[in-house]
Amino acid sequence: MIPVSNIRYIDFHTHRAVSGDDVITIMNLMAGEEVPSVFPGNTLYSAGIHPWQLTAENLARLKTELLLTAAHPHVVLIGEAGFDRLRGASSEIQYQAFIYQAEIATEMEKPMVIHCVRGWEELRRAYRQMKPERPWVIHGFRGKGKLAASLADDGFWFSLGMEGITDEILGAVSNDRILLETDTSDRPVAEVYHCFAEVAGCDDDEAVSIIKGNFNNLFNYSV
Ligand SMILES: [Zn+2]
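Values in this document were obtained by computation on a predicted structure and should not be read as measured data. (Residues numbered from 1 in each chain as written. Predicted model: local features only at pLDDT ≥ 70, side-chain atom pairs only at ≥ 80, totals over all residues. Heavy atoms only, no water.)

1. Some words on the overall build of the chain
No. 1: Assigned secondary structure in the chain consists of seven helices and eight strands.
No. 2: For the chain, the C-alpha atoms occupy an extent of roughly 50 × 45 × 30 Å along the three principal directions.
No. 3: Relative to its full complement of 223 residues, the chain shows a buried share of 53%.
No. 4: With the model as given, the accessible surface of the chain reaches about 10200 Å², and the carbon-plus-sulfur share is 49%.
No. 5: Distance between charge centres in the chain, computed from 19 positive and 31 negative side chains, equals 6 Å. (Helix = DSSP H or I, 4+ residues; strand = E, 2+ residues; numbered from the N terminus. Buried < 20%, exposed > 50% of the residue type's maximum accessible area, 1.4 Å probe, protein only. Areas by Shrake-Rupley, 256 points an atom, 1.4 Å probe, with all protein chains shown as cover. Lys, Arg positive; Asp, Glu negative; His and termini not counted. Charge placed at Lys NZ, Arg CZ, Asp CG, Glu CD.)

2. Notes on the coordination of the zinc ion
No. 1: Distances from the zinc ion to its protein donors, His 13 (NE2), His 15 (NE2), Glu 80 (OE) and Asp 183 (OD), fall within 2.1 to 2.5 Å.
No. 2: If you look at the zinc ion, its four donor atoms make angles of 85 to 170° with each other, and the shape they trace is irregular.
No. 3: For the zinc ion, all donor residues lie on one chain, and their spacing in sequence is H-x1-H-x64-E-x102-D.
No. 4: When its relative accessible area of 0% is taken as the criterion, His 13 is described as buried. (Donors = N, O, S within 2.8 Å, 3.2 Å for Na, K, Ca; no water. Tetrahedral: all angles 85-135°; square planar, octahedral: opposite > 155°, others 65-115°.)

3. Concerning the pairing of strand S7 (residues 157-160)
No. 1: Burial along S7 is two-sided: Trp 157 and Ser 159 and Phe 158 and Leu 160, pointing in opposite directions, are all buried.
No. 2: At this point the chain moves from strand S6 (residues 136-139), through helix H4 (residues 145-154), to the parallel S7, and the crossover so formed is right-handed.
No. 3: By the bridge criterion, three bridges tie S7 to strand S8 (residues 178-180) in an arrangement that is parallel. Looking at the pairing, Ser 159 lines up with Leu 179 of S8.
No. 4: You can see the chain leave S7, run along helix H5 (residues 167-172) and come back into S8, and the turn it takes is right-handed. (Right-handed = clockwise from strand over helix to strand, strands pointing away. Pairing = 2+ DSSP bridges.)

4. A word on the packing of aromatic side chains
No. 1: The tally for this structure, following the rule as stated, stands at 13 aromatic pairs.
No. 2: Between Tyr 127 and Phe 156, the ring centres sit 4.5 Å apart and the planes meet at 45°, which makes this aromatic pair tilted. Taken together, the positions of Tyr 127 in helix H3 (residues 120-130) and Phe 156 in the loop between H4 and S7 put the pair 29 residues apart, joining distant regions of the chain.
No. 3: Residue classification places Phe 156 among the buried positions, given a relative accessible area of 0%.
No. 4: Among the aromatic residues, those joined into a ring-pair cluster are Phe 83, Tyr 95, Phe 98, Tyr 127, Trp 136 and Phe 156.
No. 5: Above the face of the Trp 52 ring, Arg 87 is positioned so that its terminal group lies 3.7 Å from the ring centre.
No. 6: Over the ring of Tyr 95 we find Arg 125; its NZ or CZ atom is 4.1 Å from the centre of that ring. (Phe/Tyr/Trp six-rings, centres within 6.5 Å; stacked < 30°, edge-to-face > 60°. Lys NZ or Arg CZ within 6 Å of the ring centre and 35° of its normal.)

5. Side note on the nonpolar core
No. 1: In this structure, Phe 98, Leu 123 and Trp 136 are the most contacted members of the largest nonpolar core, which totals 77 residues.
No. 2: At nine residues, the largest contribution of residues to this core is made by helix H2 (residues 91-108).
No. 3: Among residues more than four places away in sequence, those in contact with Trp 136 are Phe 98, Ala 102, Met 112, Ile 114, Leu 123, Ala 126, Tyr 127, Met 130, Phe 156 and Trp 157. (Core = buried A, V, L, I, M, F, W, Y, C linked by side-chain atoms within 4.5 Å. Contact = heavy atoms within 4.5 Å.)

6. Some thoughts on the layout of surface pockets
No. 1: Quantified by volume, the largest pocket comes out at close to 410 Å³.
No. 2: Lining the largest pocket we find 19 residues, and of these His 115, Cys 116, Val 117, Gly 140 and Arg 142 sit closest to its centre.
No. 3: Elements that contribute at least two residues to the lining of the largest pocket include exactly strand S5 (112-117) and S6.
No. 4: Here the lining of the largest pocket takes three residues from S5, the largest share from any one element.
No. 5: Its residues placed into classes, the lining of the largest pocket shows eight nonpolar, seven polar and four charged. (1 Å grid on protein atoms, 1.4 Å probe; cavity = no way out; pocket = protein on both sides within 12 Å on 5 of 7 lines; lining within 4 Å. Points joined across faces, edges and corners; volume = space filled by probe spheres on them. Nonpolar A, V, L, I, M, F, W, Y, C, P; charged D, E, K, R; others polar.)

7. Considering the packing of H2 against H3
No. 1: Packing of H2 against H3 brings their axes to within 11 Å, and their N-to-C directions diverge by 40°. Between H2 and H3 lies a crossing whose hand is right-handed. Between H2 and H3, the residues in contact are Ser 91, Tyr 95, Phe 98, Ile 99, Ala 102, Glu 103 and Thr 106 and Glu 122, Leu 123, Arg 125, Ala 126, Gln 129 and Met 130, respectively. (Axes fitted to C-alpha atoms, helices over the stretch in contact; angles between N-to-C directions. Left-handed = near helix turned anticlockwise from the far one by under 90°.)

Printed below as a string of structure tokens:
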């Protein structure tokens, strides 16, 4: 699904339905939420079982609901899905739910967007188990450079918000594995791009072209 217009920015992960003619927005849906029947042409979706909504009791229902949403042609990513040691279901249930979603992603040939809070061991275990062909993009990453470097070595991509754009992280991850996002913030995505350009030492236009190139590589698009 290729949105057509003069695209400058890609907001890789957001929970707010904001759009503009020059922005592609990937809006996150939690399992059970449906793709709206009417939405702007530049809006794409991710759909996944978030560890926060997951319980031992609702797992089966959420799986079925996700399957219905994930098949929509504007759902281009599976997730956010992942591991949270501070919130949500037990780690065993989180692991089951995650592997189920990784299988859907494989079957539908979609990349994943990952939520991970202190669950790096589980995430790496799942990665080794699934050996995904399409990238898994860790969103909202704000950890240490050393962790970023080792995750990048494993093959992970990163979607960074303002807090994740640091010398340490940009120094550890190659530019061709990076996407940018607003997540729950009210700031326009252009500000995130500007921040990335400053820390990466390039101008805004170069930042636009780097991120657009990565987005196109990820999905085989040409926007
Ligand atoms: Zn999010």
